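Tertiary structure, described
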Amino acid sequence: MAEKPEPSLGARRNAGFSALPVSSTAFVACHLPRTAKDSAAVSKDEALKQGLHYICWNGREQCPLIDKDGVVFAVLAGSPNDPKWTAAMEEVRAALDGARHELLGNRGHEEEHRHGFFPTIACGISYRGGQKEPTSSLRLLKEKSIAASLLANHSIQRVAGFGSATFRLFAPKLHAYYSKTLDALEARHPHLKRNFKNLVFARIMFNLGPRTVTYIHIDQNNLPAGLCAITALGDFDPMLGGHLILWDLGLVIEFPLGAMILIPSALLHHSNVTICSGETRYSLTQYSAGRLFRWVECGFKTKKEFEAGGGTFKLSGSKHWAEGVGLFSKWSDLKSSCL
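Below: a short report on this structure. (Residues numbered from 1 in each chain as written. Predicted model: local features only at pLDDT ≥ 70, side-chain atom pairs only at ≥ 80, totals over all residues. Heavy atoms only, no water.)

A closer look at the packing of helix 2 (residues 85-104) against helix 4 (residues 154-170)
The geometry of helix 2 relative to helix 4 is characterised by a closest axis approach of 8 Å and an angle of 115° between their N-to-C directions. Taken together, the axes of helix 2 and helix 4 lie roughly perpendicular to each other. Crossing of helix 2 against helix 4: the hand is left-handed. Seen from helix 2, the contacting residues are W85, A88, M89, E91 and V92; seen from helix 4, they are S155, I156, R158, V159 and F162. Residue composition of the contact of helix 2 with helix 4, grouped by class: seven nonpolar, one polar and two charged. (Axes fitted to C-alpha atoms, helices over the stretch in contact; angles between N-to-C directions. Helix = DSSP H or I, 4+ residues; strand = E, 2+ residues; numbered from the N terminus. Parallel < 35°, antiparallel > 145°, perpendicular 65-115°, else oblique. Left-handed = near helix turned anticlockwise from the far one by under 90°. Contact = heavy atoms within 4.5 Å. Nonpolar A, V, L, I, M, F, W, Y, C, P; charged D, E, K, R; others polar.)

So, in structure tokens, the structure goes:
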């Protein structure tokens, strides 16, 4: 295992990760009502006026975020030590920009949604509330064509590979759980195909800009005891804008171009700082829906079908949540494995 730097003091928080709220079964997060404040982007100055703790980060070095119990619950993953990485990220930015133009066509404008005001394409295996079973289909033929082109892009494949590798480095037990679940899904449902061979995230979202600045939100359908990998792209000054805000922790973190951060996005309210006029920002997010894990545990049935047939979960919701938290690494264990 590669040597990891000691976390900065600013990365050590007093909150206990295990105390965060989840649903009764712990496969999805709690639904929390949105307010008008949640649908408004904030500037760096506005964020700092609210007393948030500022973390300077160069986007290259890896730094874990650790709770009071020593659990590594998020990672400033950085970027590979590769002189070609910057050029590769420019290729990704150009691909996303071209995808936006192709998707919007003559319409030429974005539509607002709960994450912000920018177009998106998500592809891979999903299982949302109301679906009878997992699916990997896209709504429109145009989206399928665009998604296929993006997934075939070598530089995007490199981003996906780096995300999965960093996930495995900092949370090997959780990574194995993701891998085992996705393997089981593909074995039972051969029509469900993962986006990238041998990688563990079930789904990827392309946030197509040109000003991807997210509102305050949680991704409640993602696995609560899980991680989401976010990569920032574009042409903006990361000291002035584009920062990642983790509201529950009171952190505002510099998020440079080409860098990646892994967070439990189902639990932590997060958003981005606005960028300056004339700048552009895009992003990629990789994640897995919590209901996919529940589908496998229910014997490839809905929860309703599983329980109607007399099935019961091996663990109660609280014990399942505790088991999920136990899949995250302790910083002390990761340090000792480096020796």
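Examining the sheet that holds strand 11 (residues 260-263)
Strand order in the open sheet made by the seven strands is 2-3-11-8-13-7-6, with antiparallel pairing throughout. Every other strand in the sheet has two partners, leaving strand 2 (63-66) and strand 6 (120-124) as the edge strands with one partner each. Strand-to-strand twist of the sheet, defined as the mean angle between neighbouring strand axes without regard to direction, takes the value 15°. Here strand 2 runs beside strand 3 (residues 72-78); their pairing, made up of four bridges, is antiparallel. If you follow P64 over to strand 3, its bridge partner there is V75. Lying over the sheet, helix 3 (residues 141-151) contacts strand 6 and strand 7 (203-207), oriented at roughly 70° with respect to strand 6. (Pairing = 2+ DSSP bridges.)

Quick word on the packing of helix 2 against helix 3
Across the interface, helix 2 lies against helix 3 with an axial gap of 10 Å and an inter-helix angle of 170°. By the angle between their axes, helix 2 is roughly antiparallel relative to helix 3. Where helix 2 approaches helix 3, its residues A95, L96, A99, E102 and L103 are matched on the opposing element by K142, E143, S145, I146 and L150. Across the contact of helix 2 with helix 3, the residue classes break down as six nonpolar, one polar and three charged.

So, empty space enclosed by the protein
Considering all chains together, one arrives at one cavity of 30 Å³ or more under this definition. Counted as a void, the largest cavity has a volume near 40 Å³. For the lining of the largest cavity, the secondary-structure elements that each account for two or more residues are helix 5 (172-188) and helix 6 (290-297). At four residues, the largest contribution of residues to the lining of the largest cavity is made by helix 5. Partitioning the lining of the largest cavity into residue classes produces seven nonpolar, two polar and no charged. (1 Å grid on protein atoms, 1.4 Å probe; cavity = no way out; pocket = protein on both sides within 12 Å on 5 of 7 lines; lining within 4 Å. Points joined across faces, edges and corners; volume = space filled by probe spheres on them.)

Quick word on unusual backbone geometry
At the junction of G209 and P210, the peptide bond is cis and its omega measures out at 5° in the coordinates. For P210, the location among the structural elements is in the loop between strand 7 and strand 8 (228-235). Of note, the phi angle at N198 is positive, near 70°, even though the residue is not glycine. As for its placement among the helices and strands, N198 is situated in the loop between helix 5 and strand 7.

Treat this as a map of the structure, not an account of what it does.
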